[in-house]
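Per-entry structural report
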Amino acid sequence: MSVAIPTSVGEVVDLLSRNPQATLLAGGTDLMVEVNLHGRRPADVVALNRVSELRSWSVDSSRRTITIGSGVPYAEMETGELARLLPALAEAARTVGSPQIRAAGTLGGNLGTCSPAGDGLPVLAALDAVIDVVGPNGARQIRFADFMVGVKRNALQPSEFVRSVTLPLVEGWQGYAKVGTRNAMVIATASVCLVRTNDRVAVALGAVGPTIIRATDAETWLAANHTMSSRPNTDTLAEFARLVRDASRPIDDHRSTAAYRRHAVGVLAQRLLTRSYS
Amino acid sequence: MNVSVVSPPRSGTLGTNASRPDGVAKVQGGFAFSSDMWAENMLWGATLRSPHPFARIVSIDVSAAWKINGVEVIVTADDVPGLNAYGLIVQDQPVFAKVGDLVRYSGEPIAAVAADHPETCKRALEAIKVEYEVFNPVVDPEECIAGRAPEIHPHGNVYRHQRIVTGDLSVEGDVVVEGDYEIGMQDQAFLGLEAALAIPDSGGDGVELYIATQWLHEDRKQIAACLGLPEEKVRLVLGGVGGAFGAREDISLQVHTCLLALRTGRPVRIAYGREESFYGHVHRHPARIWMRHHATRDGRIVKIESRMVFDGGAYCSTSPAVLINGITHTQGPYKCDNAVVDGYAVRTNNPPCGAMRGFGVVQACYAHESQMDKLAAACGIDPVEIRLLNAMETGDKLITGQVVNSVAPVEECIRATAAIPLPPDLESDPDFRDIPGGSGRTADRSHIRRGIGWGVSIKNLMYSEGFDDYSTARCRISNGVVSVKFATAEVGQGFVMLAQQIARTVLGVDEVLLDTIDTQVGSAGSTSASRQTWMSGGAVNAACVAVRDKVLAHVAQYHDMDVANLAVDGTDIVDTRGSFRVAVADVISHLDIDETAEYHHPPTEDLDENGQGNCHVAFAFVAHRAVVDVDPELGLVKVVQVATAQDVGRVLNPLSCVGQVEGGIAQGLGLAVMEEIVVTNGKVRNPSFTDYLLPTFLDAPDVEAVFIEEFEPKSPLGAKGVGEPPCISVTPAIANAIRNATGRELPRVPIRPYDVCL
Ligand SMILES: Cc1cc2nc3c(=O)[nH]c(=O)nc-3n(C[C@H](O)[C@H](O)[C@H](O)COP(=O)(O)OP(=O)(O)OC[C@H]3O[C@@H](n4cnc5c(N)ncnc54)[C@H](O)[C@@H]3O)c2cc1C
């Protein structure tokens with residue numbers, strides 16, 4: 001096994017161009033589980049943690065966007081300026097694993113793995129994030145909705161990798177909530193990210209389908225039937241929750257049941273919407 | 001002894017927070033656990049396991065594996081020199097499943113390899129070709145009881161059927177409540193995974209095994225039989241044990257490791273990973289229990305009827321004993337004159353089940369404590385009142401006819417628990433970490449309801465049904481140095497510390513060396529059944545007393561005094577009738593004394609066909625009160641506080657007692673709300689800590705513990721075992737609290753979120 005330790009994005013591009021089969025290593029919190037538990041034996045590894053560009057973030061105030069390097073660990077999103085700018089991402093980051101995992105794990109890795117239970121992903125979906133992907137032929141920008149194409153499948157071509165994620169800085173409220181069978185360090189059985197601006201809400205559902213699901217019917221119905229500046233009444237909340245539930249496509253597995261997951265996203269969406277007014 | 005101790009106990013003696021000899025190393029990471037062992041020229045071993053829960057092995061082809069560079073040996077059933085079977089009660093479990101024979105659970109060993117590197121082992125296992133004729137697994141215990149399932153094993157599909165019938169069965173209660181309860185399969189989930197290092201004797205006719213186990217001598221007996229060696233040719237040394245909880249009572253990798261070492265003539269080490277560990281050891285029995293309680297209108301229990309079915313999985317292990325523990329504890333810590341109980345432990349193609357902390361009583365207690373709350377509701381009385389009303393006392397007769405002659409402070413446990421202040425109400429805007437859902441931020445204050453629930457239990461101590469599980473210890477003085485030797489498995493409970501406390505107290509010395517824990521001394525019995533403080537504590541105490549008596553005799557002779565007047569007082573020997581005083585250290589500096597003692601508990605009996613007999617040695621009691629915050633709409637739970645008062649006889653080390661109580665409560669909480677091995681059609685679906693969830697720090701409640709100290713005269717140190725009771729009634733206490741908060745019946749643990757809210 002070879003391990004390359006590049007220090008610039010250009011070097012990463014070179015390494016991947018020469019060896020499209022190489023495995024990227026960011027925080028290793030998914031990859032090392034694959035190696036240690038599932039016997040994966042990558043021939044060549046490209047370690048990203050010395051690439052400082054990937055570990056930084058910046059705000060573009062004219063466009064009102066924020067760009068987060070794919071190698072920024074969750075611990076950095078949980079508190080401080082990043083958390084102030086992106087509260088939903090901070091809340092999602094806080095739910096990931098344990099402090100050790102959050103110190104190492106990254107958004108790039110969450111996108112690389114692309115599990116429907118990945119906690120960063122509903123936030124990217126709800127905020128219509130754009131994924132900045134770099135490859136031998138330069139960079140391209142992929143909307144999150146087009147990036148995640150299935151269970152643990154994404155739109156990356158061989159030799160491509162995620163450089164950063166760009167999110168809008170929205171006026172309004174945003175929040176994330178996740179249900180698991182334990183009060184910390186647990187894989188989501190269902191999760192919801194909700195963003196409310198002055199004229200609409202965006203709702204993204206995690207762990208209830210092969211990809212992150214945007215509850216567009218619920219979003220459209222609410223925008224059409226509810227004045228965002230006022231608190232929703234119980235009927236509105238109930239209908240909103242019903243439409244969110246209907247958007248989900250959950251399965252039964254050893255972690256939970258489809259019925260519970262469906263129920264839970266409805267409850268979470270309703271609670272987040274209520275919370276957005278408190 | 002006629003010494004009156006006036007000064008507070010000396011540091012490091014009984015009753016103090018003596019520090020543990022292994023404590024600092026464990027906290028700092030310097031302690032060598034079994035998985036850290038290494039020897040010069042060592043090979044690595046690995047085990048091939050069946051993916052199928054029920055199949056016939058048609059053929060095994062190891063030829064491709066042999067060709068892999070670095071593979072030193074491959075062994076199958078044909079290579080087992082002795083008996084190809086082991087087991088704690090009956091030897092029905094093969095070392096390796098044989099060609100032509102059946103594999104009976106998913107994970108059953110078929111072959112083992114030794115090679116120069118773990119990677120080579122992995123490749124070799126992949127290269128072994130096994131052809132199976134696959135059958136539908138038998139997974140429903142009722143099918144086995146009804147005799148409708150195909151026979152899984154020549155010994156049959158029922159491990160044991162036992163009834164308990166007592167009193168007047170025509171009695172009917174004014175109030176009758178019943179329920180069907182289910183308990184899921186819990187894992188012991190020790191952190192220190194199975195690991196062993198076997199070093200063959202140079203002549204190849206013997207082996208030394210470094211092993212993390214609960215009972216060295218029982219292991220040795222079974223290993224020697226499988227290896228076809230006399231027991232003295234198999235020497236066991238305790239490796240560093242990272243927890244046990246019952247999962248190390250049975251043989252797992254012991255025979256495999258020894259066999260590979262003997263065949264290669266080189267040291268061999270096997271270490272399981274977490275997934276293999278789920279296949280490598282037995283689990284807590286899943287059980288289904290029906291119970292019906294009859295009571296007078298004012299809540300006095302007059303009759304209990306019950307049927308219990310324990311799924312023992314593919315091999316016997318301790319299933320018959322677990323069953324007996326379950327059914328003999330049907331009544332819980334309550335008076336009951338009339339009862340009929342029908343109990344089965346059966347064989348299925350599910351993972352083998354055996355010992356786990358609580359040993360059958362956990363299952364029974366979940367049912368009887370659920371029933372007590374139902375009964376309280378039906379009679380319109382408070383759950384605490386109904387428990388006090390029925391509380392057992394010393395001298396009461398169990399449904400087996402056995403009289404409880406242990407100290408039985410059930411009422412005191414309940415009252416002391418009730419006296420512990422309740423936690424404050426939840427704040428108006430609580431931190432997300434303090435409420436159900438925790439870091440997932442699922443709830444706000446308005447979504448949460450608080451519930452309070454109770455659980456009280458009785459637990460037998462030591463082995464039962466005629467078993468003489470004695471313990472041995474040796475105490476020596478040589479050149480002024482006191483040392484103690486025993487084969488008691490230190491699995492994390494702190495016996496190494498207790499042994500030093502005993503020796504310091506009895507002998508009046510400060511320094512006590514501990515000899516290696518191995519089979520070079522008599523058996524200590526198993527570190528299970530809450531028995532080592534009583535049994536090995538009794539043996540160490542007896543050995544130390546024997547040495548002390550010799551020291552006193554020596555002093556008496558030397559100073560021409562009456563030995564009857566001499567006693568150890570602190571670190572001196574004193575004449576209780578005069579002013580003579582001499583330091584123990586000075587007396588023993590030139591003495592050589594060596595005493596070995598055995599401690600046996602009073603004999604017990606088998607049960608007769610009506611389940612009558614004095615089958616248990618002694619009992620301990622505990623009460624738990626759980627305060628739980630529930631989010632009823634999402635079914636999420638946060639256990640806020642567990643208050644407990646436990647009958648311990650006497651506190652020998654306060655810190656250790658608290659440790660057992662807090663750990664046991666966390667384990668019982670796990671069973672209540674999250675810990676379950678999910679098995680579908682004989683296959684484990686969550687063999688990792690990703691999906692087998694253990695409580696984290698955020699899930700663990702505040703524990704408020706009180707110890708009821710009523711000296712147990714039958715116990716050599718006055719102390720009762722403290723290990724198991726904490727995890728028994730806390731599970732139903734939490735379940736009752738969730739019921740109290742939600743009004744749901746919740747007949748099953750672990751309680752899953754969807755059980756609460758859908
Ligand atoms: C104990 C534990 C708890 C966990 N809990 C959670 C949880 O609660 N929620 C959650 O969402 N996840 C959880 N995870 C999973 C994991 O931490 C996250 O998915 C994390 O985001 C992975 O990031 P990483 O940097 O460690 O990725 P790595 O393991 O380094 O990589 C993961 C995958 O992404 C690829 N990759 C890495 N960087 C890039 C890149 N820049 N471009 C393209 N591909 C890339 C890698 O090749 C690999 O295939 C947990 C993991 C563990 C071990």
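Residues numbered from 1 in each chain as written. Chains lettered and ligands numbered in written order. Predicted model: local features only at pLDDT ≥ 70, side-chain atom pairs only at ≥ 80, totals over all residues. Heavy atoms only, no water.

Okay, the overall build of chain B next. Counting its secondary structure elements, chain B contains 18 helices and 31 strands. Relative to its length of 758 residues, chain B is compact, with a C-alpha radius of gyration of 27 Å against a globular reference of 27 Å. The dimensions of chain B, computed from C-alpha atoms along their principal axes, are 80 × 75 × 55 Å. For chain B, the residues scored as buried account for 64% of the 758 residues in total. In chain B, the share of contacts with a sequence separation of at least 24, taken over all contacts with a separation of at least 6, comes to 80%. In chain B, 63 side chains carry a positive charge and 97 a negative one; their mean positions are 2 Å apart. (Helix = DSSP H or I, 4+ residues; strand = E, 2+ residues; numbered from the N terminus. Rg over C-alpha atoms; globule rule 2.2 N^0.38 Å. Buried < 20%, exposed > 50% of the residue type's maximum accessible area, 1.4 Å probe, protein only. Contact = heavy atoms within 4.5 Å. Lys, Arg positive; Asp, Glu negative; His and termini not counted. Charge placed at Lys NZ, Arg CZ, Asp CG, Glu CD.)

Let us look at the domain arrangement of chain B. Residues and elements named next belong to chain B. The assigned domain composition of chain B is domain 1 (23-31 + 470-600), domain 2 (34-135 + 193-241 + 248-280) and domain 3 (287-464 + 606-756). Averaged C-alpha coordinates put domain 1 and domain 2 at centres separated by 38 Å. Taken together, the contact pairs 20 residues of domain 1 with 15 residues of domain 2. For the domain 1 and domain 2 pair, buried surface summed over both sides reaches about 1,300 Å², with 58% attributable to carbon and sulfur atoms. (Domains from an automatic or database assignment. Buried area = accessible area lost by both parts, 1.4 Å probe.)

It is worth spelling out the site of the ligand at this point. Residues and elements named next belong to chain A. Neighbouring the ligand are 32 residues; L24, T29, D30, Y74 and T106 lie closest to it. G27 places a polar main-chain atom, nitrogen or oxygen, 2.7 Å from an oxygen atom of the ligand. Here a nitrogen atom of the ligand sits 2.7 Å away from a polar atom, N or O, in the side chain of D119. Taking 980 Å² as the accessible area of the ligand by itself, protein coverage stands at 86%. Examining the composition of the shell around the ligand, we find that five residues originate from one element, helix α7 (residues 107-113), more than from any other. (Near = heavy atom within 4 Å. Polar contact = N/O pair within 3.5 Å; in protein donor to acceptor, adjacent residues only side chain to side chain. Areas by Shrake-Rupley, 256 points an atom, 1.4 Å probe, with all protein chains shown as cover.)

A few words now on the packing of aromatic side chains. Residues and elements named next belong to chain B. Tallying each qualifying case throughout the model produces 11 aromatic pairs over all chains. Ring centres 4.8 Å apart and planes at 70° place the aromatic pair F31 and F33 in the edge-to-face group. On the accessibility criterion, F31 (21% relative accessible area) is partly exposed. Of the residues examined, F33 reaches a relative accessible area of 26% and is grouped as partly exposed. Relative to F689, the ring of F278 lies with its centre 6.3 Å away and its plane at 90°, an arrangement referred to as edge-to-face. Remark: F689 occurs in the loop between β29 (683-684) and β30 (702-708) and F278 occurs in helix α7 (residues 274-280); sequence separation between them is 411 residues. (Phe/Tyr/Trp six-rings, centres within 6.5 Å; stacked < 30°, edge-to-face > 60°.)

Residues and elements named next belong to chain A. Taking burial as the measure, the nine residues of helix α5 (residues 87-95) include eight buried ones, the bulk of the element. By the burial criterion, the buried members of α5 are A88, L89, A90, E91, A92, A93, R94 and T95. Positive phi appears at G97, one or two residues downstream of α5, with a value of about 40°.

Before going further, it helps to examine the nonpolar core. Residues and elements named next belong to chain B. Counting 93 residues, the largest nonpolar core has L375, I414, F621, V628, V673, I734 and I738 as its most contacted members. Broken down by element, this core gets its largest block of residues, 10 residues, from helix α9 (residues 361-379). Setting aside residues up to four positions removed in sequence, L375 forms contacts with V175, V177, H293, A295, G299, I301 and I386. Among the nonpolar cores identified, the runner-up in size contains 90 residues, and F486, V491, V506 and A543 belong to it. (Core = buried A, V, L, I, M, F, W, Y, C linked by side-chain atoms within 4.5 Å.)

Right, let's talk about the interface of chain B and chain A for a bit. Between chain B and chain A, the contact holds 39 residues from the first and 31 residues from the second. Each partner contributes to the roughly 2,900 Å² buried at the junction of chain B and chain A, and carbon and sulfur atoms together form 54% of this total. Considering only the side of chain B, the residues that lose the most area to chain A are S439, R441 and L634 of chain B, jointly responsible for 19% of the buried surface there. For the pair chain B and chain A, the number of links is five salt bridges. Note that E119 of chain B is salt-bridged to R41 of chain A, the shortest N-O span being 2.6 Å. Broken down by secondary-structure element, the contributors of at least two residues to the side of chain B that touches chain A are α3 (118-127), β27 (636-647) and α18 (753-757) of chain B. Broken down by class, the residue content of the side of chain B that touches chain A amounts to 18 nonpolar, 10 polar and 11 charged. (Salt bridge = Lys/Arg side-chain N within 4 Å of Asp/Glu carboxyl O. Nonpolar A, V, L, I, M, F, W, Y, C, P; charged D, E, K, R; others polar.)

Take S256 of chain A: it is sitting in the loop between α11 (234-247) and α12 (258-275). A residue is classified by how much of its surface remains accessible, and S256 of chain A, at 4% relative accessible area, is buried. When residues no more than four places from it in sequence are discounted, the contact partners of S256 of chain A are T189, I251 and R261 of chain A together with Y754 of chain B.

This part covers the packing of helix α10 (residues 383-390) of chain B against helix α11 (residues 410-419) of chain B. Residues and elements named next belong to chain B. Relative orientation of the contacting elements α10 and α11 amounts to 160°, with a least axis distance of 9 Å. Classified by the interaxial angle, the pair formed by α10 and α11 is roughly antiparallel. With respect to the hand of their crossing, α10 and α11 are arranged in left-handed fashion. Along its contact with α10, which presents V384, R387 and L388, the element α11 presents E411, I414 and R415. Partitioning the contact of α10 with α11 into residue classes produces three nonpolar, no polar and three charged. (Axes fitted to C-alpha atoms, helices over the stretch in contact; angles between N-to-C directions. Parallel < 35°, antiparallel > 145°, perpendicular 65-115°, else oblique. Left-handed = near helix turned anticlockwise from the far one by under 90°.)

Turning to the domain arrangement of chain A, a few remarks are in order. Often the size quoted for an interface is simply the accessible area lost on bringing the parts together. Residue and element names in this part refer to chain A. Per the domain assignment, the segments making up chain A are domain 1 (2-168) and domain 2 (173-275). Each of domain 1 and domain 2 was reduced to a C-alpha centroid, and the two centroids are 25 Å apart. A buried area of about 1,700 Å², summed over both sides, lies between domain 1 and domain 2, and 64% of it is on carbon and sulfur atoms. Looking only at domain 1, the three residues that lose the most surface to domain 2 are P116, P122 and A126, adding up to 27% of its buried area. Viewed at the interface, domain 2 and domain 1 are joined by nine residue pairs in polar contact (both at pLDDT 80 or more).

Residues and elements named next belong to chain B. Pairing within the open sheet is mixed, and its four strands lie in the order β21-β20-β19-β25. A single partner strand is all that each edge strand has here, and the edge strands are β21 (512-514) and β25 (592-599). For this sheet the average axis-to-axis angle between neighbouring strands, irrespective of direction, equals 20°. Here strand β19 (residues 471-478) pairs with strand β20 (residues 481-486) via six bridges, running antiparallel. If you follow S478 over to β20, its bridge partner there is V481. Together, β19, β20 and β21 form the strand contacts of helix α12 (residues 495-507), whose direction differs from that of β21 by roughly 145°. (Pairing = 2+ DSSP bridges.)

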